[in-house]
Structure formats: structure tokens, C-alpha cells
Amino acid sequence: MTTQTNVKHMESLNFLTPETISKAITLVGSPAYVYCRKTIEQRCSEVSAFPSAFGFNARYALKANPHLAILKIIEAMGLHFDASSEYEVMRCLHAGIPGEKIQLTSQQFPNKHLTEIINAGVLFNACSLRQIESFGKAFPGSNISIRVNPGTGSGSNRKTNVGGPSASFGIWHEHTNQAAEIAAKHNLNITRIHSHIGSGSDPDVWKAVTEMTLAQADKFPSVHTVNLGGGFKVARMSAEKSTNLQEVGEFVKSVFTQHAQNTGKQYKLEIEPGTYLSANCGSLICHVDDISNTGKDGYTFLKLNTGMDTITRPALYAADHPIIIINNSSETQDYVVCGHCCESGDVFTVDESDTLTTATLNKAEIGDPVVIEGAGAYCASMSLKNYNSFPTTPQLLLDKDTLKIIQQPQSLTNMLSPEIIPE
Ligand SMILES: Cc1ncc(COP(=O)(O)O)c(C=O)c1O
């Protein structure tokens, strides 16, 4: 029985055309991710133009999409990087990015590569008191950044909110005196204060956190840089609204300026968006694999040849992505769009309360190409790789008019070779 129908806007393609879609399928088959170089470069330019009062640096939070080819494009556009694990740091170093351009902000202390990373010049951003202690023991007398939980957070949903009392990220704002004591014990110089409150944050909360973070920075005389994290909203669906970076930036600039007038402290500003830089730079091409229905009071299901193993955001966050059927049909139909995994949760059309909804799409036939838009951030990088033993999805870069393979389709040998059957 259909309990709720949520008719969504008809969406359109971002940068792909029916011709590039066919070329991509000919090159690597379907499904396939395609990223657009030009769009990435445009986004980098927008982020680099963020207003600032006393100097500015933008870092790309590479967790959003850490493909080496994407990192190289972003580095060439002059951005620095924020890595969320020591392995992401190693990925950057492997891409030839100098350590000085990389900051490590990790929930887990980097036990395996710490010496190599710090010797390469990577900035360490301590995310807990224990991390300051461990870093101080290993590298007494160094410069260090600390991540502070400013006491409030904001995300597009609970799972992407990483500030406030229910978030384990960073040093709780009331504990920064302890941070100072531990740092002093090891002769560490706290030069940067960092906060990141969530992904898809409410711009007003993000703005409010600026003052809270500046107040934290004032506690440490050696701080010269304040990093306000990422989290800028990006409209993937046509009905959504992106954060206006210029508008937020002008506000932040005025707060920094006013703060300098009141305290004499002129902090350099850093931000570190991931989503803003990459979300709408990537699209996932796939196909209609099957169509079925559950009778006249039920639903019509459009089953794709991709799913939560490749693009996990809908199942994890009930996130909306535009879905476009590539055909010339003049008719539309409401579909529940399903992934190919053997999971009732592998559905692209759910609302925030995880209730099944439908999307109004071109009436589809089995075999029609489909494009899932807004798939450049937290999609390939966050996929449930090899669930149901589906191979990982190949990736292409659209560079001017040429499609370049940047990740081959995964072979069965590649998937199975690390597994060992004991004697
Ligand atoms: C420390 C840090 N900085 C930046 C980001 C980027 O956030 P977004 O992709 O929402 O811009 C994240 C994402 O979770 C993060 O954890």
C-alpha cells in the first residue's frame, strides 16, 4: 500500500551529455563515475576567492574524494589539504604533494606513519588531549594545532553533525586549559586553533562558531591561524540552496576585523571544504537493470545496476541525489529507485525519516542509461567496497572533451587475491 508519495523535481544533467555518457560506457562499461576537471577548477577558484581580513589559506578535505588525479588538479589550483587519517596523508605524499601543504586531523592517532609524516613537514592537528600527550612525547618542542569542539554543531543530519556535546570530535571547549598544560609539559607551541562543526551546516550556526573559535584562539598567545573547517552546503537537488561563500566570507572577515580591533590579534583564516569543492564535479552513470511493481496500490520499482556498495549516501544518510533517466520519453512515472544490493535499505528514494518515497522520472525501459548527480563527494570514497562482491566502480576524468580512465574496473582477481584459504 502506498503510504506517501513525495514527487520530486525533474532534475537535469550537470556536465554530462548523452554523447559523453555513451563514450564513457564504451570505455569502461556501466556503472562508472565521471569527474569534470573544469568544474573542479571552477570550484577551487570560488573557494580561493573567500574573503579574508589578515591572510587566507584553503585546504581541500580529501576525505570527500581522495583520488590521486583529483588531488593533483586541486594542488595545481593552489589549495592545501586536510587529511582525516595517516593513510590519507600517505596518499597525498604519494601524489607528490609536499608535507607542508598537508594537515592531519584524525580521530585516530597516527601510530604507523607518525615519524615519516612529521619529518615530511605535515602539520599535526590534535583532536584530543591524549593526542597532544602522544604527539608531545614523540616530538617535544614542535608546533601543533588543536581541534576544539566549540560547544555547538550543525550538519545536514545527525550523522554529519560533529560539534556539540554529543560529538566526540576535538577537545571540548571547557578542556582547553588542560590542552595548554599538556602542551606546556612537552614544550609544544600551539600555533593554530581548528574547529569543524559538521557537513552541510546551517550557515548561521557556522557564522556563530566563528566567534566561539576566536575566543578559544585568544587563550593561546602563540596562535596565529584560525581554521574554521568545512561543511558548506551544496545544492545537489534543484530545490536545494548552496551556501553563498562570498556572503559567509564577508561576515567572517568582518568578525575577524572587529576582533582585531578589540584584542589587537590579527589571525590568518583557513577553511577546509570537501563537499563544496567536489560534490557537483562528479556523476555516476549506471543503467536500469529491471522494473517491477507491487500491484495497483503498491509501488513501481526501478532497479539499477549500482547501489549502496558504490554510492552509500542514500542508505547511510537518506541523502537525495538527482536521478536522471537518459531517454527521450515524453511520459513520466513515479518510481521507487532501488540499488542492486541484497538489502531492503538499498534505496535511493527515502525521506529524512527513512520512509519510502518516489521520484518522478522519465518513463523508463530496462537498459536505459541513468545518471546519478552530485556524486563527486563522499561517494566513491565512502563506498561499501565489494559488498555482495560487486566490483568497485571505475572512474573517469572528463578533461576538456576527452574522457580519461583514472581508475580501471576492478577485476575478480584483484578482489579475491588478498584472501587466503588456510592449508
Ligand atoms: C575536519 C574536517 N574538515 C573538513 C571536512 C569537510 O566537510 P565538508 O565536506 O562538509 O565540507 C570534514 C568532513 O567531515 C572534516 O571532518
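Reading the values: rules and limits
- Sequence order sets the numbering: in each chain, residues are counted from 1 along the sequence as written.
- Given that the model is predicted, a residue must reach a pLDDT of at least 70 before its local features are reported, and side-chain atom pairs must reach 80 or more before they are shown or counted; all residues, however, enter totals for whole chains, interfaces and linings.
- Secondary structure elements follow DSSP: runs of H or I of four or more residues count as helices, runs of E of two or more count as strands, with numbering from the N terminus.
- Taken over C-alpha atoms, the radius of gyration is set against a globule rule of 2.2 Å times the number of residues to the power 0.38.
- Residues with at least 20 other C-beta atoms within 10 Å of their own are called buried, those with 12 or fewer are called exposed, and the rest are partly exposed. The C-beta atoms themselves are positioned from the backbone.
- Contact definition: two residues whose C-beta atoms, as placed from backbone geometry, lie within 7 Å.
- Where each domain begins and ends follows an automated or database-derived domain assignment.
- Here, expected helix span is obtained from the residue count minus one, scaled by 1.5 Å.
- Think of it as the arc spanned by the lines of direction from the helix axis to the C-beta atoms.
- pLDDT is a residue-level measure of predictor confidence that goes from 0 to 100.
- Note on definitions: a residue is near a molecule or strand provided its C-beta atom, placed from the backbone, lies within 6 Å of it.
- Only Asp, Glu, Lys and Arg are considered charged in this grouping, and only Ala, Val, Leu, Ile, Met, Phe, Trp, Tyr, Cys and Pro are considered nonpolar; every other residue, Gly among them, is considered polar.
- Strands were regarded as paired on the criterion that DSSP finds at least two bridges between them.

1. Details of the overall build of the chain
Next, step 1: Along its length, the chain carries twelve helices and 18 strands.
Next, step 2: Relative to the globule expectation of 22 Å for 423 residues, the C-alpha radius of gyration of the chain, 23 Å, shows essentially globular dimensions.
Next, step 3: For the chain, the spread of C-alpha atoms along the three principal axes comes to 70 × 55 × 40 Å.
Next, step 4: Burial analysis of the chain (423 residues in total) assigns 47% to the buried set.
Next, step 5: Put simply, 71% of the contacts in the chain that link residues at least 6 apart link residues at least 24 apart.

2. So, the domain arrangement of the chain
Next, step 1: Entries for the chain in the domain assignment read domain 1 (18–34 + 280–408) and domain 2 (37–279).
Next, step 2: Taken over C-alpha atoms, the centre of domain 1 sits 32 Å from the centre of domain 2.
Next, step 3: Those elements that provide at least two residues to the side of domain 1 that touches domain 2 are α11 (313–317), β17 (395–399) and β18 (402–407).
Next, step 4: Broken down by element, the side of domain 1 that touches domain 2 gets its largest block of residues, four residues, from β17.

3. Points about helix α9 (residues 245–263)
Next, step 1: Along its 19 residues, α9 runs 26 Å from first to last C-alpha, staying within 8% of the 27 Å computed at 1.5 Å per residue.
Next, step 2: Of all the residues in α9, the buried ones are Val 248, Val 252, Phe 256 and His 259. Along the axis of α9, the buried residues cluster in a sector spanning 75°; they form a single face. Along α9, the residues that are exposed and aim more than 90 degrees away from the buried face are Gln 246, Glu 247 and Gln 261.
Next, step 3: Buried residues along α9 sit in contact with α8 (203–217) and β10 (268–271).

4. Thoughts on the confidence of the model for the chain
Next, step 1: Of the residues in the chain, 98% reach a pLDDT of 70 or more, and the chain-wide mean stands at 94.
Next, step 2: Below a pLDDT of 50 lies the segment residues 1–7, which in the model reaches 14 contacts outside its immediate sequence neighbourhood of four places, other chains included.

5. Some words on the site of the ligand
Next, step 1: Close contacts around the ligand come from 17 residues, with Ala 61, Ser 199, Gly 230, Gly 274 and Thr 275 the closest.
Next, step 2: Partitioning the shell around the ligand into residue classes produces five nonpolar, nine polar and three charged.

6. Some thoughts on the pairing of strand β12 (residues 300–304)
Next, step 1: Bridging between strand β11 (residues 282–293) and β12 involves five bridges; their strand directions are antiparallel. Within β12, the residue paired with Asn 293 across the bridge is Thr 300.
Next, step 2: Taken together, β11 and the strand that follows it, β12, pair antiparallel across an intervening segment of six residues, in which Gly 295 is found at a positive phi of about 85°.
Next, step 3: Pairing analysis gives three bridges linking β12 to strand β14 (residues 332–338), with the strands arranged parallel. Directly across from Lys 303, in β14, lies its bridge partner Cys 338.

7. Examining the environment of Ala 138
Next, step 1: Structurally, Ala 138 is set in helix α6 (residues 129–138).
Next, step 2: Between the C-alpha atoms of Ala 138 and Leu 114, which are 24 residues apart in sequence, the distance is 8.8 Å.

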